[in-house]
Amino acid sequence: MFAVRILAVVALASLAFVGPVRSAPAADWGRIASQVDNPAQGVHETRLANGLTILSKEVHTAPVAYFSVWYRVGSRNEISGRTGLSHILEHMMFKGTTSLPPSAIGRLLMGNGAQINASTSVDRTEYHELIAADRLELAIKIEADRMRNATFDATELSHEMSVVRSELEGKNNNAVHDLDTNLFTPTAFTAHPYHWPTIGWREDVEDVANKRDVIYDYYKQHYGPNNAFIVVVGDFNTADVVSLCRKYFGVYAPIPLDNHHITVEPPQRGERRVVMRRPGTTAHVMVGYHVPKTGDDDHYVLDVISNILSNGRGSRLYRALVETGLANGASGNDPDCIDPALYEFSVSVRRGVTTDAVEKALYAEVTKLQTEPVTGEELARAVSQIEASMVYSRGSVSSIARQIGQNEIVARSKGGYRYQDTYLDRVRAITPADIQRVAQQYFVQDNRTVAIFDPQPLPANAPPPGKPVAEQSAAPTKVTDPKLKALVDKVVKSYAPPRATKAASAARPKPVRVVLDNGIVVIVEENHANSTVALSGRILTGSMLDLNGKWGVASLTAGMLPLGTTSKSAIQLALALESVGAAIGFSTSTEQTGISGSCQTKDFPATLGVLADELRSATFPAAEFEKLRGRALAGLSQMRQDTGGAGGAGALAEIAFAQAVYPKYHPYWAPSIDAREEAIKSITVDDLKQFYSTYYRPDTLVLVIVGDVKADDAIAQVKAALGNWSKPQTAAPTVTIPDVPLPATPPADQAIVVPGTPQTSIMWAYTGQLHRTDRDFYAATVLSYILGGSIFDSRLGSTIRDKNGLAYTVGQWFNAQHGAGAAQVFVGTNPHNARRAIALVKQVIAEVRANGVTDEEVANAKAYLTGSYPIRLETNAGIAGQLLAGEDYILGLDYPERRNSYIDAVTTADVNAAARKHLAPEKAMVITSGAAVE
C-alpha cells in the first residue's frame, strides 16, 4: 500500500535571522583532547577539549549515514512543578535558530532526502538524521547550530503548546497508556523523578505555555558540548567526520552542568494496588517490581528472565496465560535505565476472565521461577535469542547508532557504549541458580505494585454513528508568508555546503529470479554485510476470498499455519525457530497473505524448512483452532475502542467509511464488528481446511530472500523444500478489485463517540481512483508529499499544525494497490479544535485542486522522495520489500535502480493533472471518532 504519513515530533521557529551566537575564541575548544579505538565494536572515540565526545563507526554497505546528538537530559532531570520541560524543549528545537528561520531546518534536511526526528525519554533527549552520506555535513552543521543558538520565540512557544497538548491527549486515548503513565508508574515511584510521565503532568505543561524564559533557561542549562555526545555511523571517512565535528561543534565552550540532587527511590515496604476505571472493553493488569539499574550484575540476569518469560510462543507467560485462554497477550520487560527501574509485567485480559484469575496465574509463574531451576534448554534458548537480537541490531546504520547511543546513556557507570563489549559473555555465564536467586530477591510481594484497568461498559451498541459534524468556517490561509518564504529561500540557498565529491559506493548485487516448475517465483539478492537473512513473500489468499458471511476465514487460516503440521506440534514449530532467534510470520490483507521471516545465516536451512512445513503440511488441530478463535474474538473486542493514532483514524472510522462508500461484499467493504464476531463464532475447522486446500498453492507464491546467502544455494534449498509441492489442476486465483466510482453526492458525515477518550480522530476520505500500476502513480506520489508528507512545509502540515497549532498528527495518502483504495486525510486533535481542523482540510484540498501546486513545491518533493529512497534499501528486509513490490506490480527486478527516475520525470504539470484527477473534495465524507466534537 502506498501511504505518506506525518509522524515526526517536530515544530517551527522564530523569524529572527542574525549571525550565529558563538563562544569567544579565547580557547581552542575544538582541539582533540583524546582519541581511542574500540576494536570490539569498531568504534572510534574522540573527545574534544570542550567535553564533547564523538563516537563514530564506519559502515560502507550503503551510501548513507546516521548522525545523532544525544543530550544527557530527560524527565529524570526535571523537578516537581516543572515536569515535561525536556519534551517541550525537544519540540522547540525544530523552531529555528539565529541562523535558521522557521521551516528552514525541515526544508534543508528533507530537501536533501533526510529522515529526521527526535525523541525524549526518562534519561535522555536525542536528535537524528538518516541522510545520504555525501550530505552528512549538512546534518552536522544544523545540529551544531541548534546546540546553543535556538531562539525560543515566545509567540512560537505559545503556539506549539497546542501541539504538545494534542500529543498528550492522543497518547491518553489508549487506556493502557493512560494506566501505565498516569497511575501505575506514579504509584510505583513515590520519590524518584521516574514518578512523572516524560510528557509531563498536564498542569505543569499548561503552566509554561507562556513562560518562554523558563524553557530557554532549561535549554541553556542542559544543551552544551560537555552534556552531549555524538553518534555517527555510516559510509564516511572517520578523519573527515571528526574534522567536521571539530569545525562546527568546537566553537562552543563547556557549560556549567546541572548537578541538582535526584532523590533516590526508598525501598518499598509493602504491596501497592491501584485501579483505573473508564469506558472500555478489555481489562488489563500491570505488575511491577523494583530492580537494579542497567549494568548491575543482576540486570544481566533479569534480561535473561525476560526472554524466558515472554519471548515467543514457547515462552512461559505465553503458554501459561495466552495458550490457556486467560490473556490476549502477556509480557515481562526489564527496561534499560540510568537509575533503578521497574520490571514490568503487562497482561491484556481475555474477555470473560477476571483480573484475579490472571494475577493468580502470573504469580504462579513467578513462584515457579523462584522455586524450580530453569531447564538447560530454556536457558540456552534465551541466550540464543539475545545473541540473535544483537546480530540483527547490526543490520542497519540506524540500529547500530541507536544501540551505541542508548548504552552510552544508561550504562555510563559501566563504560557507556563499551557495556556491549562484554554483555554477551556476562549473559552466557548466567546459571539456573542465578535466575532463581534474582527472582527470589526482587519478585516479592512487598516490592510489588499492581495496577488494574477495570473497563466500564460502553453505551448500548456503542459506538453508534452520531449526528454529522457541523463545519466551522476557516479564514483563508496562504501557502506561506511571502516575507518568511523569501527569508527561508535565501537561507536554504546559502546554508547548504557544496555537495561532496566522494566516490560512489559499490553497486548492489543484481538479484536473481527463477520460476520453479510448480510456479513458485524465487528472487534472491546477496548481501554479505552481516550474517543475517531476511525473507519476504506473498501468496494470493487474501480476505477478498472470504466466503460471504464467513468473514475471517482467510486470516484464521493463515493464523493456523504455525499451530501444527504433519510433523510438528505448535510448540515444536515455535521452539524450532525461537531456539535460534529466528522468526516467521504471516499477515493477511485484502489481496494476499504476506510472509516475513528473519534468521542468522547459519539457521537459514532450518528456518526455510519450518516455512515450507507450515505452508504445505498444516493440520488445523481443533484444540489450537479454539484457542485462535478466542484470540480473534478478543481482538474484535479491542476494536470497539480503536480510535486510531499517528497511523490513521482507527478501526471504527475505517469500518464506518467502508460501509458508507463500497457496495456490500466488495473486497474493500467491511462488515461490522458484530457481524465479524458472529462469523468468527460460526467458522469451523472444515471451513479453514477447505480454504487451505483451495487457495494455498505454489503457483501464487512469491518468495524473496535477501542477505548472507549464495543465490544458487538459496534457490536450490527452496527447490528442495518446496519444489515438489504440486499445484492444483484448477486455475489459480487472481487479484480482481472492481473500481467504485465517486458517488453523485458524498455520504453523510458521521460522528462516533467513544466515552473516556480525550482526543478526536478525524478521517476525511472518499473512494480513490488511483491504482499502483497507473501511469500517474508517481505524480500522485509527489502530490501526496506536497499535501501531507512533511510537517515543515506540506500544505496540510504547515496549515493545520504549524500555523494554527490544531494537531500533533496530520497525514494524507492515497491507498493505491491492485485496486483503487481510499484517498484519505487524518488529523488527531482536541475536540474543541476539530471543527476548525476539518474546515482547514477542506480548504487546503480544494485550493490545491483548483489552483495547483508550484514548481518549487514539486522540486522540493522530488528532492526528498529521491534522496530518501536509498534509505529504504538500508536493510535486508527493506530490499526484500522493494523486490516483492516489483514482482507484485510487474515493475521488474531492477525497479530499485529505476524507481527514482520515475520520480525525476514528474513535472509540475503532471502533478497538477493528478490533483485535478485524484482530488475530489466535494465527494469526501468526514468521520470523527473518539471524544465528542465540541
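Residues numbered from 1 in each chain as written. Predicted model: local features only at pLDDT ≥ 70, side-chain atom pairs only at ≥ 80, totals over all residues. Heavy atoms only, no water.

S.K.: I'd like a rundown of the overall build of the chain, residues and numbers included.
M.R.: Helix and strand counts for the chain stand at 31 helices and 23 strands. Since a compact globule built from 934 residues should have a radius of gyration of about 30 Å, the 28 Å found for the chain is in line with a globular shape. The principal-axis extent of the C-alpha atoms belonging to the chain is close to 80 × 70 × 60 Å. The proportion of buried residues among the 934 residues of the chain is 60%. Restricting the contact set of the chain to residue pairs at least 6 apart, pairs at least 24 apart contribute 83%. For the chain, the accessible surface area stands at approximately 34500 Å², while carbon and sulfur atoms represent 53% of it. A distance of 3 Å separates the average location of the 90 positive side-chain charges in the chain from that of its 97 negative side-chain charges. (Helix = DSSP H or I, 4+ residues; strand = E, 2+ residues; numbered from the N terminus. Rg over C-alpha atoms; globule rule 2.2 N^0.38 Å. Buried < 20%, exposed > 50% of the residue type's maximum accessible area, 1.4 Å probe, protein only. Contact = heavy atoms within 4.5 Å. Areas by Shrake-Rupley, 256 points an atom, 1.4 Å probe, with all protein chains shown as cover. Lys, Arg positive; Asp, Glu negative; His and termini not counted. Charge placed at Lys NZ, Arg CZ, Asp CG, Glu CD.)

S.K.: Report on the sheet that holds strand E6 (residues 125-132), specifying residues and quantitative values.
M.R.: Read from one edge to the other, the open sheet built from 7 strands follows the order E1-E2-E3-E7-E4-E6-E5, with strand pairing classed as mixed. For this open sheet the edge positions go to strand E1 (32-38) and strand E5 (115-120), each flanked by a neighbour on one side alone. Neighbour-to-neighbour, the strand axes of this sheet turn through a mean angle of 15 degrees, independent of strand direction. Sheet analysis places strand E3 (residues 53-58) next to strand E7 (residues 228-234), joined by 6 bridges and oriented parallel. Bridge pairing in E7 places Leu55 opposite Val231. (Pairing = 2+ DSSP bridges. Axes fitted to C-alpha atoms, helices over the stretch in contact; angles between N-to-C directions.)

S.K.: Describe the pairing of E6, naming the residues involved and giving the relevant values.
M.R.: Where burial is concerned, most of E6 is hidden: 8 out of the 8 residues are buried. In this sheet, E6 lies alongside strand E4 (residues 64-71) in antiparallel orientation, the contact comprising 8 bridges. Paired with Tyr66 across the two strands is Leu130, which belongs to E6. Of the strand pairs in this sheet, E5 and E6 are connected by 6 bridges, and their pairing is antiparallel. Of the residues in E6, the one forming a bridge with Thr120 is Thr125. Linking E5 back to E6 in an antiparallel pair, the connection comprises 4 residues.

S.K.: Tell me about empty space enclosed by the protein, and please be specific about residues and values.
M.R.: Inspection of every chain in the model, using the stated rule, returns 4 cavities of 30 Å³ or more. Considering only enclosed or pocket space, the largest cavity measures out at about 60 Å³ in volume. The wall of the largest cavity is formed by Asn307, Ile308, Asn311, Gly314, Ser315, Glu378, Arg381, Ala382, Gln385 and Glu578. Elements with a contribution of two residues or more to the lining of the largest cavity: helix H9 (297-310) and helix H12 (376-392). If one sorts the elements of the lining of the largest cavity by residue count, H12 sits on top with 4 residues. Among the residues making up the lining of the largest cavity, the classes are represented as 2 nonpolar, 5 polar and 3 charged. (1 Å grid on protein atoms, 1.4 Å probe; cavity = no way out; pocket = protein on both sides within 12 Å on 5 of 7 lines; lining within 4 Å. Points joined across faces, edges and corners; volume = space filled by probe spheres on them. Nonpolar A, V, L, I, M, F, W, Y, C, P; charged D, E, K, R; others polar.)

S.K.: Before we move on, can you summarise the packing of aromatic side chains with the specific residues and values?
M.R.: Note on aromatic pairs: each is described by the distance of the centres and the angle between the planes. Counting across every chain of the model gives 32 aromatic pairs. In textbook terms, an aromatic cluster arises when at least three aromatic residues are bridged by ring pairs, as seen for Tyr71, Phe94, Tyr127, Phe152, Tyr216, Tyr219 and Tyr223. Over the ring of Phe94 we find Arg146, and its NZ or CZ is 4.5 Å from the ring centre. Looking at Arg212, its charged tip hangs above the ring of Tyr216, at a distance of 4.1 Å from the centre. (Phe/Tyr/Trp six-rings, centres within 6.5 Å; stacked < 30°, edge-to-face > 60°. Lys NZ or Arg CZ within 6 Å of the ring centre and 35° of its normal.)

S.K.: Give a description of the side chain of Thr185 that names residues and reports values.
M.R.: Its place among the elements puts Thr185 in helix H5 (residues 175-188). A relative accessible area of 16% means that Thr185 is categorised as buried. Setting aside chain neighbours within four positions, we find Thr185 in contact with Asp180, Tyr194 and His195.

S.K.: Explain the packing of H9 against helix H15 (residues 432-442) to me, and be specific about the residues and the numbers.
M.R.: Running from amino to carboxyl end, H9 crosses H15 at an angle of 95 degrees, the nearest separation of the two axes being 10 Å. Of the possible angle classes, the one that applies to H9 and H15 is roughly perpendicular. Residues Asp298, Val301, Leu302, Val304, Ile305 and Ile308 of H9 form the contact with H15, whose own contacting residues are Asp434, Ile435, Arg437, Val438, Gln441 and Tyr442. Looking at the contact of H9 with H15 residue by residue, the classes come out as 8 nonpolar, 1 polar and 3 charged. (Parallel < 35°, antiparallel > 145°, perpendicular 65-115°, else oblique.)

S.K.: Talk me through the nonpolar core; I want residue IDs and the actual numbers.
M.R.: As a rule of thumb, soluble globular proteins bury nonpolar side chains together. By size, the foremost hydrophobic cluster in this structure holds 119 residues, and its most contacted members are Phe67 and Phe249. Those residues in contact with Phe67 that lie beyond four places of it in its chain are Tyr127, His128, Glu129, Leu136, Ala139, Ile140, Glu143, Ile230, Val231, Val232, Cys245 and Phe249. With 79 residues, the next largest nonpolar core counts Leu563, Ala656, Tyr692 and Trp813 among its residues. (Core = buried A, V, L, I, M, F, W, Y, C linked by side-chain atoms within 4.5 Å.)

S.K.: Got a sec to walk through the pattern of salt bridges? Specific residues and values, please.
M.R.: Enumeration over the complete set of coordinates arrives at 40 salt bridges. Glu45 serves as the salt-bridge partner of Arg418, at 2.3 Å between the closest nitrogen and oxygen. Linking Arg418 in the loop between helix H13 (397-410) and helix H14 (423-428) with Glu45 in strand E2 (residues 43-48), this pair joins segments that are 373 residues apart in sequence. Linked by salt bridges that have partners in common, Arg165, Glu169, Arg202 and Glu206 make up one network. (Salt bridge = Lys/Arg side-chain N within 4 Å of Asp/Glu carboxyl O.)

S.K.: Go over the environment of Ala439, please, and point to the residues and values.
M.R.: Here Ala439 is to be found in helix H15. In this structure, the C-alpha to C-alpha distance between Ala439 and Leu369, residues 70 residues apart in sequence, is 6.5 Å. Those residues within four positions of Ala439 in sequence are excluded, and the remaining contacts are Leu369 and Gln370.

S.K.: Can you explain the confidence of the model for the chain? Please cite residues and give values.
M.R.: Here the chain shows a mean pLDDT of 90. Residues at 70 or above account for 93%. Note on residues 473-479: pLDDT under 50 across the span, and 20 contacts to partners over four residues away in sequence or across chains. Of the regions scoring below 50 in pLDDT, residues 498-506 engages in 12 contacts with residues more than four places distant in sequence or in other chains. (pLDDT = per-residue confidence, 0-100.)

S.K.: Before we move on, can you summarise the sheet that holds strand E8 (residues 272-279) with the specific residues and values?
M.R.: Strand order in the open sheet formed by 5 strands is E8-E12-E9-E11-E10, and the pairing between neighbours is mixed. One side of each edge strand has no neighbouring strand; the edge strands of this open sheet are E8 and strand E10 (327-333). When strand polarity is set aside, the average angle formed by the axes of neighbouring strands in this sheet is 15 degrees. Bridge count between strand E9 (residues 284-291) and strand E12 (residues 448-456): 6 bridges; the pairing is antiparallel. Pairing of Val285 across the sheet is with Ile452, part of E12. Sheet strands touched by helix H11 (residues 355-371): E8, E9, strand E11 (341-349) and E12. Its angle to E9, the strand with the most contacts, is close to 35 degrees.

S.K.: Please set out the environment of Tyr668 residue by residue, giving values where relevant.
M.R.: Counting through the fold element by element, Tyr668 comes out in the loop between helix H21 (651-661) and helix H22 (673-682). The exposure class assigned to Tyr668 is buried, which follows from its relative accessible area of 12%. Put simply, Tyr668 and Met276 are 392 residues apart on the chain and 37 Å apart in space, counted from C-alpha to C-alpha. Aside from chain neighbours lying at most four places away, what touches Tyr668 is Thr590, Glu591, Ala658, Tyr662, Ile737, Gln817, Gly819, Ala820 and Gly821. Of the polar contacts made by the side chain of Tyr668, one reaches the side chain of Glu591; its length is 3.3 Å. (Polar contact = N/O pair within 3.5 Å; in protein donor to acceptor, adjacent residues only side chain to side chain.)

S.K.: Explain the environment of Gln759 to me, using residue names and the numbers behind them.
M.R.: Along the chain, the position of Gln759 falls in the loop between strand E19 (750-753) and strand E20 (760-767). Judged by its relative accessible area of 7%, Gln759 falls in the buried class. Along the chain, Gln759 and Thr151 lie 608 residues apart, while their C-alpha atoms are 30 Å from each other. Discounting chain neighbours no more than four positions away, the residues touching Gln759 are Ser166, Glu169, Gly170, Asn173, Gly828, Thr829, Pro831, Ser929, Gly930 and Ala931.

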